[in-house]
Amino acid sequence: MRIYRVVLRLYPKSFRAEYAAEMEKDFAHHWRDAAAGARAWLVLNAVVDTLWNAARVHADITKQDVRYSLRSVRRAAGFSATAVAVAALGIGATTAAFSLADHVLIRPLPFPESERLVRVWEELSLRGYARVEPSPPNFEDWRRQSTMFERLEAFTGFGGAMTGRGEATPVIGATVTPGMLPMLGRQAAIGRILTEADVARDAERPIVISDRLWQSLFAASPDVIGQTLTLDRTTYSIIGVMPADFYFPERRTDFWRMLRFSASNGDDDRGNNYLQVIGRLKPGVSIEDAQAELRVIAANLGRLYPKELEGVSATMRPWRDQVAQQPRLLLLGLVGASLCVLLIACTNLANLLMSRALARRTEFAVRAAVGASVDRLVRQMLTESMMLALIGGVLGVLVALASLPLLVRLVPTALPIAELPPLDLRMLTGTLVLTTVTGLAFGLLPAVRVCRKTDPAALKDGARGGTSRGTERMRSTLVVAEIVASVVLIVCVGLLTQALLAVQRVDPGFKVDNLLTMRTALPSTDYGALDRRLQFYSHVLDRVHALPGVESASYISWLPMGAFRGGIWEVLSSNPDATAPDGFAPLRGGERQSASIRFVTPRFFETVGTPVLRGRDVAASDIVTSPFVAVVSESFANKFFPDQDPIGRSFAIGLAARTIVGVVGDIKVRGLERDSEPQVYMPAAQQRMLFFYAPKDLVVRASVPPATLAPAVRGIIASAAPELPITAVQTMEQLVAGETAPRVVQLRVLGGFAVIALLLAAIGIHGLLAFTVTSRAREIGVRIALGAKARDIMWMIVGRSAALTGTGVIVGAVLAYAAGRSLQAVLFGVEPANPAVFGAAAAIAALMALAGSLMPAWRAVRVDPIEVTRSE
Amino acid sequence: MADRRPESLLPLPPAVFHILMALADEDRHGYGIIQEVSSRTDAEVRLSPGTLYRSIQRMLEDDLIVEISERPAPELDDERRRYYRITAFGRAAARAEANRLHELVRLARASGFHPKKA
């Protein structure tokens, strides 16, 4: 019997009140009549029966409530529209932020059993690099000796020109070891993927292309297999098309061709670090075990090749966790901010609902008088708030979908994932949960508060409009919570703005304005020989210099802050050592230091506006038959030749000894927010080896708006080499703006959030005070009648607002400081306790409070004492 | 409810129809209804308590039945239970349902589907 009584609790309270007693009696009858063996069956039956019928009774009640709610929502259209809009904003902001963070940080990568995929690097702790691309011989030794991987594969990026189909087009692809695509575990949409079997068919040059390339180049024709593709003058045969949602190694990759190691390419050099390595761990193997084994293997290799591999170890981490700290923090900041907005939206809704519920007390009292129980009324109100939340949720999804494209800049391109999170079950489920929580959060408080006091007094004509102290306190708390959340948001926006300004104030080491840049990747097939390259450079530069509006122009290996920021080499002494890998002895003390190396044509520093501090620029007379020279940055001179005149000193780098002829200012090669290695610039005419470093980026200083020069410069390059695609045509200002683009996007979003928060909080304060004035109209009237001055009445209202705001600002400041500290890594040195920011936040909050209290204060002053006391 | 037509409730859920039939000749309490339905159908139909009281709740709302305050003679009153009585509207609805079923059977016969003789 006791069991049955417990099971019956599944029915709604109102139903139980009516029928539970009878049902228990019926059950007792059956129990008495049943044989001992049949009783278990009886209980089971009763449980199933109750589950089924209780669900239907609940459904019936909900149906009634929904119908009733729909009517009351329609009746109060203004209120409903406001509530839905507020809910949609809160839910939309949170959905967008969460799905973006989920997409970038949490969701498994789109490969089968992707949790077993790891990225593997060399670790050069001696030179201070935690992760360096492995060299082919090391990679092959690891692969041979390790027992922890199902597969260990490598790839390297490839950018080239596609020709033979209209204008030469630049394409980005990947060169992969034949086991790479099988390891990732995705099949081709058409044809097949590259596999180990293709090694034997090497001569046919098999290639797999992306869905995008298939669509744009072959108009999605099904007989693409067997057709050819010409990349940098080599013809490949298409064997497959990958599905549209296959992204590897990054979003823009358009083809996959086979990676073959060859000695002529330097692939037997253990210092030739260029491979990207991915492994699939065997099932059950932990990343720690795999790393421990690989470190032992690396240590053994270090003993075998002490000169090349001194201090070289191996390190790995899950592929999923590859997101750098900055994008991670930017996203988490966004999530935090969206939660603030949601919190404010919820409290605002709770307050809205509370005042509406108080206004409807008569209606509730009537319903209570005709027999509705309190829990039915609570349920009714909750249904109403859930319905508003649900409508808000649907609109919120639309808000999220509309705003997500604005946030694309926050998704790092280097991940093998789509540009935007897909609208799928995962996202919708998340939103549904969010909506339910929202509906409950803002519905429950007012419902319980109001329904607890469905006193019959409300029925009396002329009942006082006053509210209980508890309700008043609850509403004040909600308003304070809104102010707290807005203050936190404003402070974060302020701190991040300061950080952005600080980043933008960083001197990049060159003059950003009036520079036009573009790239012409030179394929080694045609430009491997130095003469051919020099011919190209002089053809282009001579003609560009002759253009009106051009002050100077130059070529460099890679522009600072461009797509490629690496290109470093170990700095050695100029003493030859035949036994050393590079042919030169290490620097004094055997210390290993690297510098960034670039080849440039003459007038580079003049063009970009980097000061030549001592000596001279690279000159036209620095040719391959004259002594090898280098221009170094100030930090290079200070580091390697401290307290002496660096001009005339020698060192070796990039397989050649060179003499310093000039010192220039430092450039932020790796970006505004990162430390860069000291820099070494060498004449393009003295580049016999290291084809990878051949100058390919053109930079032009203009005395006219730089973009206007682009067509003429393009024409000149086309006349020199019609088959070469020209890419990355942009001004230097655009290039440098790319540095801060994610910050700007995040700030815009957070700024938008802060404005919404302020607005909502102001509405909250206004709503609360307006209600106070209405419910205390009589008291105010009496005070005025007794001679209170307008100033006193005004102060009564504004003082209340000031007290709420003060509390909110103090609590908000404390929380904002905590938030600021957690953001410290992206604050770029701005202190979280920035007095200007906190002062501004407090001032803005005060202004907002003032704006919210003006109308109510005005109304309070104008209360007519005769009017409000007449009904007494 | 006065303007409502009994046809608007058709088809009646089987449980509701059975309850109406059980109340046709006599006021009964819940357990009595279960027993009556069971005996009328040779124990073919056994209403579970959940189905019964859920149906009763809806039938009260639909005015098919009413709860009555007068009691049978004390010696017949079973543990002071709540008794239910069919309303005129309930009778009309039951009649309409019977008609509906009758029509249905007629159509079935016309199509050559003859019910088995008992």
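Along each chain, residue indices are assigned from 1 in the same order as the chain's sequence is written. The lettering of chains begins at A and the numbering of ligands begins at 1, in the order of writing. In keeping with the model being predicted, local features are shown solely for residues with a pLDDT of at least 70 and side-chain atom pairs are shown and tallied solely at 80 or more, while totals for entire chains, interfaces and linings include all residues. To get the side-chain values, all heavy atoms of the structure are used, and hydrogens and water are removed first.

K.L.:
Please provide a residue-by-residue account of the overall build of chain B, values included.
P.N.:
In this description a helix means any DSSP run of H or I spanning at least four residues, a strand means any run of E spanning at least two, and both kinds are numbered starting from the N terminus. Scanning chain B from N- to C-terminus turns up four helices and three strands. Along chain B, from the amino end to the carboxyl end, the secondary structure elements read α-β-α-α-β-β-α. By the convention used here, residues are in contact when the closest approach between their heavy atoms is within 4.5 Å. Residue pairs at least 24 apart in sequence account for 56% of intrachain contacts in chain B once pairs closer than 6 positions are excluded. Of the roughly 7100 Å² of accessible surface on chain B, a fraction of 54% belongs to carbon and sulfur atoms. Areas reported here follow the Shrake-Rupley algorithm with a probe of radius 1.4 Å; residue values treat only the protein chains shown as occluding.

K.L.:
Describe the overall build of chain A, with residues and values.
P.N.:
When its secondary structure is counted, chain A shows 23 helices and 22 strands. Sequence-distant contacts, at least 24 apart, represent 81% of the contacts inside chain A between residues at least 6 apart. The positive count covers Lys and Arg only, the negative count covers Asp and Glu only, and His and the chain ends enter neither. Each charge is placed at NZ for Lys, CZ for Arg, CG for Asp and CD for Glu. Seen as two clouds, the 93 positive and the 77 negative side-chain charges of chain A have centres 9 Å apart.

K.L.:
Tell me about the interface of chain B and chain A, and please be specific about residues and values.
P.N.:
With 20 residues of chain B at the contact, the number on the chain A side is 19 residues. Summed over both partners, buried area is the accessible surface (1.4 Å probe) that two parts give up on being assembled. Its largest share of buried area at the contact with chain A, chain B owes to Tyr31, Tyr53 and Arg54 of chain B, together 36% of the area lost on that side. For this document, the term salt bridge refers to a Lys or Arg side-chain nitrogen within 4 Å of an Asp or Glu carboxyl oxygen. Between the two partners, chain B and chain A, sit two salt bridges. Arg58 of chain B is paired through a salt bridge with Asp60 of chain A; the nearest N and O atoms lie 3.7 Å apart. Polar contact criterion, stated in full: a pair of N or O atoms within 3.5 Å, where within protein one must be able to donate a hydrogen and the other to accept it, and residues adjacent in sequence count only if both atoms are side-chain atoms. The tally of links from chain B across to chain A stands at seven residue pairs in polar contact (both at pLDDT 80 or more). The set of elements that each furnish at least two residues to the side of chain B that touches chain A consists of helix 2 (30-40) and helix 3 (49-61) of chain B. With 10 residues, the top contributor of residues to the side of chain B that touches chain A is helix 3 of chain B.

K.L.:
Describe the pattern of salt bridges, listing the residues and the values that go with them.
P.N.:
Residue and element names in this part refer to chain A. Under the defined criterion, the tally for this structure stands at 39 salt bridges over all chains. The residue Arg5 makes a salt bridge to Glu24 at a minimum N-O spacing of 3.2 Å. Taken as a pair, Arg5 in helix 1 (residues 2-8) and Glu24 in helix 2 (residues 13-33) lie far apart in primary sequence, 19 residues in all. Close ionic contact of Arg201 with Asp198 constitutes a salt bridge, the shortest N to O distance being 3.0 Å.

K.L.:
Quick one: what's the story with the state of the cysteines, residue by residue and with numbers?
P.N.:
Residue and element names in this part refer to chain A. When two cysteine sulfur atoms lie within 2.5 Å, the pair is treated as a disulfide. Considering all chains together, one arrives at zero disulfides over all chains under this definition. Its sulfur unpaired, Cys340 is 7.2 Å from the next cysteine sulfur, which belongs to Cys492. The rule is simple: take the accessible area with a 1.4 Å probe, protein chains only, and divide by the maximum for that residue type; under 20% is buried, over 50% is exposed, in between is partly exposed. What makes Cys340 buried here is its relative accessible area of 15%. Cys346 carries a free sulfur, and the closest cysteine sulfur to it, the one in Cys340, is 12 Å from it. Take Cys346: its relative accessible area is 10%, and that puts it in the buried class.

K.L.:
Go over the packing of aromatic side chains with me, naming the residues and quoting the values.
P.N.:
Residues and elements named next belong to chain A. Any two of the Phe, Tyr and Trp rings considered here, Trp counted by its six-membered ring, make a pair once their centres fall within 6.5 Å; the pair's planes then place it as stacked at under 30 degrees, edge-to-face at over 60, or tilted in between. Tallied over the full model, the rule gives 27 aromatic pairs over all chains. A ring pair is formed by Phe111 and Phe246, whose centres lie 6.1 Å apart and whose planes are at 75 degrees; its orientation type is edge-to-face. Of this pair, Phe111 sits in the loop between helix 4 (77-106) and strand 1 (117-124) while Phe246 is found in the loop between strand 8 (234-241) and strand 9 (255-258), placing the two residues 135 residues apart along the sequence. Given the relative accessible area of 5%, Phe246 is considered buried. One aromatic cluster in this structure is built from Phe111, Phe155, Phe246, Phe248, Trp256 and Trp319. Charge-over-ring placement is defined geometrically: NZ (Lys) or CZ (Arg) within 6 Å of the ring centre, and within 35 degrees of the ring normal. One Lys or Arg, Arg131, reaches over the ring of Trp121 and ends 4.6 Å from the middle of that ring.

K.L.:
Explain the sheet that holds strand 2 (residues 65-68) of chain B residue by residue, including any values.
P.N.:
Residue and element names in this part refer to chain B. Strands sit in the order 1-3-2 across an open sheet of three strands; the sheet is antiparallel. The strands lining the two open edges of the sheet, one partner per strand, are strand 1 (28-29) and strand 2. Strand pairing is defined by DSSP finding a minimum of two bridges between the two strands. Relative to strand 3 (residues 83-86), strand 2 runs antiparallel, the two being bridged by four bridges. Residue pairing across strands places Ile65 opposite Ile86, the latter belonging to strand 3. Interaxial angles span 0 to 180 degrees and are taken between N-to-C directions of axes, which are lines fitted to C-alpha atoms, for helices over the stretch in contact. Against the sheet, helix 1 (residues 14-23) engages strand 1, strand 2 and strand 3, with an angle of about 95 degrees to strand 3.

K.L.:
Tell me about a nonpolar patch on the surface, and name the residues and values.
P.N.:
Residues and elements named next belong to chain A. On the surface, a nonpolar cluster with roughly 480 Å² of combined accessible area is contributed by Ile391, Leu395, Leu398, Leu401, Leu423 and Leu428. Among the elements that line the nonpolar patch, the one with the most residues is helix 11 (residues 374-403), at four residues. On the secondary structure map, Ile391 appears in helix 11. Residues enter a patch when their relative accessible area is above 30% and they make no salt bridge; the linking distance is 9 Å between like charges and 5 Å between nonpolar side chains (Val, Leu, Ile, Met, Phe, Trp, Tyr).

K.L.:
Describe the pairing of strand 3 (residues 149-163) of chain A, and please don't skip the residues or the numbers.
P.N.:
All names here are of chain A. The element strand 3 is extensively covered by neighbouring structure, given that 11 of its 15 residues are classed as buried. Pairing geometry for strand 3 and strand 10 (residues 276-281), over six bridges, is antiparallel. Opposite Ala154, over in strand 10, you have Val277 as the bridge partner. Bridge count for strand 3 against strand 4 (residues 169-176) is eight bridges, and the pairing is antiparallel.

K.L.:
Quick rundown of the environment of Pro611 of chain A? Include the residues and the values.
P.N.:
All names here are of chain A. Examined against the element boundaries, Pro611 turns out to sit in the loop between helix 16 (604-608) and strand 16 (612-615). When the C-alpha positions of Pro611 and Leu10 are compared, they lie 81 Å apart, and in sequence the two are 601 residues distant. Setting aside chain neighbours within four positions, we find Pro611 in contact with Val663, Val664 and Gly665.

K.L.:
Go over the packing of helix 2 of chain B against helix 3 of chain B, please, and point to the residues and values.
P.N.:
For any two helices packed against each other, one specifies the inter-axial angle together with the distance between the axes. All names here are of chain B. Viewed as axis vectors pointing N to C, helix 2 and helix 3 meet at an angle of 115 degrees, and their least axial separation amounts to 10 Å. Taken as axis vectors, helix 2 and helix 3 run roughly perpendicular relative to one another. Two packed elements cross with a definite hand, and for helix 2 against helix 3 that hand is right-handed. Across the interface between the two elements, Gly30, Tyr31, Ile33 and Ile34 from helix 2 touch Leu52, Tyr53 and Ile56 from helix 3. Under the convention adopted here, Pro, Cys and the residues Ala, Val, Leu, Ile, Met, Phe, Trp and Tyr are nonpolar, Asp, Glu, Lys and Arg are charged, and Gly plus all remaining residues are polar. Grouping the constituent residues of the contact of helix 2 with helix 3 by class yields six nonpolar, one polar and no charged. Oblique is the label for every angle not falling under 35 degrees (roughly parallel), over 145 degrees (roughly antiparallel), or within 65 to 115 degrees (roughly perpendicular). The handedness criterion is simple: a crossing whose near helix is rotated anticlockwise from the far helix by less than a right angle is left-handed, and one whose near helix is rotated clockwise is right-handed.

K.L.:
Summarise the nonpolar core; cite the residues concerned and give the values.
P.N.:
Nonpolar side chains tend toward joint burial in soluble globular proteins. Counting residues in each nonpolar core, the largest one holds 119 residues, and the members touching the most others are Leu184, Phe248, Trp256, Leu334, Leu407 and Phe753 of chain A. With 19 residues, helix 13 (residues 469-505) of chain A is the largest single contributor of residues to this core. Think of a nonpolar core as a cluster: buried Ala, Val, Leu, Ile, Met, Phe, Trp, Tyr and Cys residues, connected wherever their side-chain atoms sit within 4.5 Å.

K.L.:
Residue-level account of the packing of helix 10 (residues 361-369) of chain A against helix 11 of chain A, with values.
P.N.:
All names here are of chain A. Where helix 10 meets helix 11, the closest approach of the two axes is 10 Å, and the angle between their N-to-C directions is 140 degrees. By the criterion of interaxial angle, the relationship of helix 10 to helix 11 is oblique. Pair helix 10 / helix 11 crosses with right-handed handedness. For the pair formed by helix 10 and helix 11, the contact residues are Phe364, Arg367 and Ala368 on the first element and Leu377, Gln380 and Met381 on the second. Broken down by class, the residue content of the contact of helix 10 with helix 11 amounts to four nonpolar, one polar and one charged.

K.L.:
Provide a residue-level description of the environment of Pro865 of chain A, including the pertinent values.
P.N.:
All names here are of chain A. Structurally, the position occupied by Pro865 is in helix 23 (residues 865-869). Assessed through its relative accessible area of 19%, Pro865 is described here as buried. Excluding its chain neighbours within four sequence positions, the residues that come into contact with Pro865 are Gly781, Ile784 and Ala785.

K.L.:
With reference to specific residues and values, describe the side chain of Asp102 of chain A.
P.N.:
As for its position among the elements, Asp102 of chain A is in helix 4. Apart from the residues within four sequence positions on either side, Asp102 of chain A is in contact with Arg107, Arg320 and Arg426 of chain A.

K.L.:
Now, about the pairing of strand 10 of chain A: what can you tell me, with residues and values included?
P.N.:
Residue and element names in this part refer to chain A. Within strand 10, five of the six residues are buried, which leaves it mostly tucked inside the rest of the structure. In the sheet, strand 1 pairs with strand 10 via four bridges, with the strands oriented antiparallel. Bridging from a neighbouring strand, Val118 pairs with Gly279 of strand 10.

K.L.:
Requested: an account of unusual backbone geometry, with residues and values cited.
P.N.:
In this structure, the amide linkage connecting Phe248 of chain A to the following residue, Pro249 of chain A, adopts the cis form with an omega of -10 degrees. Summarising the element assignment, Pro249 of chain A is placed in the loop between strand 8 and strand 9. A cis amide bond links Leu10 of chain B to the next residue, Pro11 of chain B, at an omega of -10 degrees. By the secondary structure assignment, Pro11 of chain B is in the segment before helix 1. Of note in this structure, Arg205 of chain A is not a glycine but carries a positive phi near 50 degrees. Take Arg205 of chain A: it is sitting in the loop between strand 5 (190-191) and strand 6 (206-209). Residue classification places Arg205 of chain A among the partly exposed residues on the basis of a relative accessible area of 28%. One non-glycine residue, Ala219 of chain A, lies in positive phi territory at about 50 degrees. Along the chain, Ala219 of chain A falls in the loop between helix 7 (211-218) and strand 7 (228-231).

By themselves these figures say nothing about function.
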